[in-house]
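Given next are the chains, with one letter for each unit.
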Amino acid sequence: MPGSEWGTATEQRFNVNLSILFTELPLLERPAAAAAAGFTAVELWWPWVDSPTPERSELDALKKAIEDAGVQLTGLNFYAGQLPGPDRGALSIPGAESERFRANIDVAADFARSLGCKALNALYGNRVEGVEAAEQDALALENLVLAARAADRIGAILLIETLNQPESPLYPLVSAPAGVAVADRVNEATGLGNARFLLDLYHLSMNGEDLPSVIERYAAKTGHVQIADNPGRGAPGTGTLPLEDLLGRLRKAGYEGWVGLEYKPGDRPSAAAFDWLPAEARAAR
């Protein structure tokens, strides 16, 4: 919605996903770029796709870049394989990928704690040919229990994300009820109650779900929200999703958490992809 004034935007708390926006810049320059665009909060996929356990120097350099930019890290993914790329998580994949996820749990949690980050997202992983779904689901629950305990140790929530079937055909969690059911199972297994649903309006719309109904049913179980327009996964106003209305519904349903901007900037610099959002609405209140 270039040039429009989102009437409810000042009531939202937005953060910028630095793994999809500002990717034209090196990782360590992105926090400052988000700050220069007026934002005070950022989130990240696991930044080191080739290593669940990067060198301390790499962790320290990113921590310093975030602190120097004066932005708050509000969300971080656990290791999820090659993302962006063919993978959609590691925790349900037997063998080396599951082991990499486990090796990453405390690394990611400790990094999050060092920056006061209170949300860790665990992508479930694709179905593997020749492996029973039940075997993958049992492994997933084991690993999610470990992740939930690590999140609890640092006072954080564990997020379970639903993706969309057209773009992630091998990913088993492609509906809001499926994502919520996994979070419920983790909470039942741990007794901690810190597993929450990551409600991504773009993915759910790609699945053809009734978004007002999903919001009404699951706002209370939602720990984080992400947005992009559909079609195209671009900025609000580049597609046809009524994002302003949907975010308003979320607020009315009691959701007061972060709204992650997880969209593609298109054929322009990322700094130019926020014209839909008034400058005064970008700094988190």
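These numbers come from a predicted model, not from an experiment. (Residues numbered from 1 in each chain as written. Predicted model: local features only at pLDDT ≥ 70, side-chain atom pairs only at ≥ 80, totals over all residues. Heavy atoms only, no water.)

Scanning the protein for helices and strands turns up eight helices and eight strands. Taken over the C-alpha trace, the protein has a radius of gyration of 18 Å; the compact-globule value for 285 residues is 19 Å, and the two agree within 12%. Overall, the C-alpha framework of the protein stretches about 50 × 45 × 35 Å when taken along its three principal axes. Counting only residues that meet the buried cut, the protein has 54% of its 285 residues in that class. Considering only contacts within the protein whose residues lie at least 6 apart along the sequence, 77% involve residues at least 24 apart. Counting only carbon and sulfur atoms, one obtains 51% of the accessible surface of the protein, whose full area is about 11,500 Å². Of the charged side chains in the protein, 25 are positive and 38 negative, and the gap between their average positions amounts to 4 Å. (Helix = DSSP H or I, 4+ residues; strand = E, 2+ residues; numbered from the N terminus. Rg over C-alpha atoms; globule rule 2.2 N^0.38 Å. Buried < 20%, exposed > 50% of the residue type's maximum accessible area, 1.4 Å probe, protein only. Contact = heavy atoms within 4.5 Å. Areas by Shrake-Rupley, 256 points an atom, 1.4 Å probe, with all protein chains shown as cover. Lys, Arg positive; Asp, Glu negative; His and termini not counted. Charge placed at Lys NZ, Arg CZ, Asp CG, Glu CD.)

Think of an α-helix as turning once every 3.6 residues; residues three or four places apart then point the same way. A rise of 1.5 Å per residue sets the reference length of helix H3 (residues 96-114), with its 19 residues, at 27 Å; its end C-alpha atoms lie 28 Å apart and thus fit the reference within 8%. Where H3 bends most, at Asn104, the angle is about 35°. Looking only at H3, the buried set comprises Glu97, Ser98, Phe101, Asn104, Ile105, Ala108, Ala109, Phe111 and Ala112. Each element contacted by the buried residues of H3 is listed here: helix H2 (56-69), strand E3 (72-77), strand E4 (119-121) and helix H4 (133-153). Downstream of H3 by one or two residues, Gly116 has phi in the positive range, about 70°. (Expected span 1.5 Å × (residues − 1). Bend = angle between axes of the 7 residues up to and from the residue.)

What follows covers the sheet that holds strand E6 (residues 195-200). If you trace the eight strands once around the closed barrel, you get E1-E2-E3-E4-E5-E6-E7-E8, paired in parallel fashion. Strand-to-strand twist of the sheet, defined as the mean angle between neighbouring strand axes without regard to direction, takes the value 30°. Examined bridge by bridge, strand E1 (residues 13-17) and strand E8 (residues 258-261) share four bridges and lie parallel to one another. Paired with Phe14 across the two strands is Val259, which belongs to E8. Along the sheet face, helix H8 (residues 243-252) touches E1, E6, strand E7 (222-227) and E8 and points at about 170° away from the line of E7. (Pairing = 2+ DSSP bridges. Axes fitted to C-alpha atoms, helices over the stretch in contact; angles between N-to-C directions.)

Counting residues in hydrophobic clusters, the biggest one holds 89 residues, and the most contacted among them are Leu158, Leu201, Ile227 and Leu261. If we skip the residues at most four places from it in the chain, Leu158 touches Phe78, Leu120, Ala122, Leu144, Ala147, Ala148, Ala151, Val186, Asn194, Ala195 and Arg196. (Core = buried A, V, L, I, M, F, W, Y, C linked by side-chain atoms within 4.5 Å.)

It is worth spelling out unusual backbone geometry at this point. Here the residue pair Leu83 and Pro84 is connected by a cis peptide bond, since its omega of 5° sits within 30 degrees of zero. Secondary-structure assignment places Pro84 in the loop between E3 and H3. A cis geometry characterises the amide bond from Asn230 onward to Pro231, with omega recorded as 5°. As for its position among the elements, Pro231 is in the loop between E7 and H8. Despite not being glycine, Phe22 shows a phi value in the positive range, around 65°. Considering the arrangement of structural elements, one finds Phe22 in the loop between E1 and helix H1 (30-36). Judged by its relative accessible area of 2%, Phe22 is buried.

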